[in-house]
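Here are the chains, one letter per residue:
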Amino acid sequence: MTTTAVPTDLLTRFRPLLARIAAGAREREATRRLPLAEARELAALGLGALRVPEEFGGSGASLRQLFELLVELGAAESNLVQAFRVHFRFTEDRWEERDTARGRLWLGRIGGGAVIGNATSERSGNVRGRTNTTLREAGGRLLLDGTKYYSTGSLYADWISVAVQRGEGDRITALVPRDAPGLELLDDYTGFGQRLSGSGTTLLTDVEVDPAHVIPQVRRHAGTTSIVQLVHLATLAGIARRAVDEAAEFVRRRRRSYGHGSADLAAEDPLVQQVLGRVDAIAHTTRQIVLAVADDLDTAKNARWAVKADPTPAAEEQVRELEQRAELGVLRAQSVVIDQVLHVTTEIFEVGGASAVEENLRLDRHWRNARVLSSHNPAIYRERQIGEHLLTGVLPVSFPSVGVAPSLLAEEPSS
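Summary of the structure given here. Starting from 1, residues in each chain are numbered consecutively following that chain's sequence as written. Residue-level local features of this predicted model are given only where pLDDT is at least 70; pairs of side-chain atoms are given and counted only at 80 or more, and the full residue set underlies all totals for whole chains, interfaces and linings. Excluded from the side-chain calculation are hydrogens and water; included are all heavy atoms of the structure.

### What about the packing of aromatic side chains?
By convention, a stacked pair of Phe, Tyr or Trp rings (six-membered ring in the case of Trp) has centres within 6.5 Å and planes under 30 degrees apart, an edge-to-face pair has planes over 60 apart, and any other such pair is tilted. For the structure on display, the rule yields 6 aromatic pairs. Ring plane angle 80 degrees and centroid distance 5.0 Å describe the contact between Trp-106 and Trp-159, whose orientation is recorded as edge-to-face. Here Trp-106 is found in helix H7 (residues 101-111), whereas its partner Trp-159 is found in strand S4 (residues 159-165), with 53 residues between them in sequence. Residue class for Trp-106 comes out buried when judged on its relative accessible area of 0%. Taking relative accessible area as the criterion, Trp-159 reaches 14% and is therefore assigned buried. A helix here means a DSSP run of H or I that spans at least four residues, while a strand means a run of E at least two residues long, and both kinds are numbered starting from the N terminus. Exposure classes here rest on a 1.4 Å probe applied to the protein chains alone. A residue is buried below 20% of its type maximum, exposed above 50%, and partly exposed in between.

Structure below.
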């Protein structure tokens, strides 16, 4: 198991910008200003290329190193981690096929600073992942039509990854430039949390798709499902950290106390200290859980890559066991981290009474953001999957991955 820490140069590179991003979080929340400029700065510093091998212009970071930085970014601005979430999934798929022309092409683009956005979900009419968005051939061209919602991150992106059903066949992904004719992105998301994640509507009207930019989706156990869920958990761990730090800052400044309190100053009240001690412990522990799961994912994904050179039944069985462990680890972590972070973002209000609910503090954003993130792929389904596995041995069902199979419509693009 790897326990590699984030290299000092990565911390030196990102922490000054993270501090500036954190400083503007309350103002952005109050004015609903999307952190577009901040996202561009992160991309310019190479956030999106952290996992890209150095030969393609990236940092060659491990998953643990990536997720350690994501927890810090989640503390600074949780919306930005969510905005990059599908980008990291897409990058991870390309990392797994970096020995192919398609993998090299996209890793080179991402290493050069390109950011991938998301247009996957639809608000009505789709059942268990099927889409109403169509990809049709007309006059020798491939054209996309449809309406997507929860298009998280697309307002921050250079390329939009569109999930589509091709006829009665398999689900595929079509990638189109953000400025493609017929593509319109709206900031009309109405959720009460994660308001700045760019999770609004994508309108597609006769959007032309390069056949080389159509990628099939394939199913596998570790990888896509684990990565996208762990991004949410890293964000939640960051939210907990920021909530605790802001609550402690509030207590240090407070000069009022309860008439029935245990000390003249809140900072000296042992009950207030106990509340802060507990939520700090939870924030620290949720981060450690995320990093431990990232370690397991690193082990599984590196083993999957290595098995390409040794594709024996024994090697394949060993990799599958590692992947199963990683996948189950994410599901188990999801249940614990969600519950604990929601506790933290509620419990912090015990330190200040009515003063803690002043709008200028915006401590409520931490609970709202955590609650919204926790509603993605609700934990009740994950807990059921874990229970089913314990009772029957059935493996968790993974989502399609934008995959490593040959393209359905074209040969792999040349690099």
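### Looking at the nonpolar core
To define a nonpolar core, start from buried Ala, Val, Leu, Ile, Met, Phe, Trp, Tyr and Cys residues and group those joined through side-chain atoms within 4.5 Å. Of all hydrophobic cores here, the largest spans 92 residues; its most connected members are Leu-42, Phe-67, Leu-144 and Val-176. The biggest single contributor to this core is helix H8 (residues 224-253), with 15 residues. In what follows, residue pairs with any heavy atoms lying within 4.5 Å of each other are defined as contacts. Beyond its immediate chain neighbours, meaning those up to four positions away, Val-176 contacts Leu-144, Asp-158, Trp-159, Ile-160, Val-162, Leu-183, Val-207, Glu-208 and Val-209.

### A look at empty space enclosed by the protein
Two kinds of site are reported from a 1 Å grid over the protein atoms alone, namely cavities, where a 1.4 Å probe fits but cannot get out, and pockets, open sets with protein on both sides within 12 Å along at least five of seven lines, and residues are called lining when an atom falls within 4 Å of a point. Grid points are joined across faces, edges and corners, and a volume is the space filled by probe spheres set on the points. One pass over the structure, following the stated rule, counts 5 cavities of 30 Å³ or more. What the largest cavity holds in volume is close to 110 Å³. Ala-76, Glu-77, Ser-78, Arg-365 and Asn-369 are the residues nearest the centre of the largest cavity, which is lined by 14 residues in total. Residue classes follow a fixed rule: Ala, Val, Leu, Ile, Met, Phe, Trp, Tyr, Cys and Pro count as nonpolar, while Asp, Glu, Lys and Arg count as charged, and any other residue, Gly among them, counts as polar. Of the residues belonging to the lining of the largest cavity, the class tally is 5 nonpolar, 5 polar and 4 charged.

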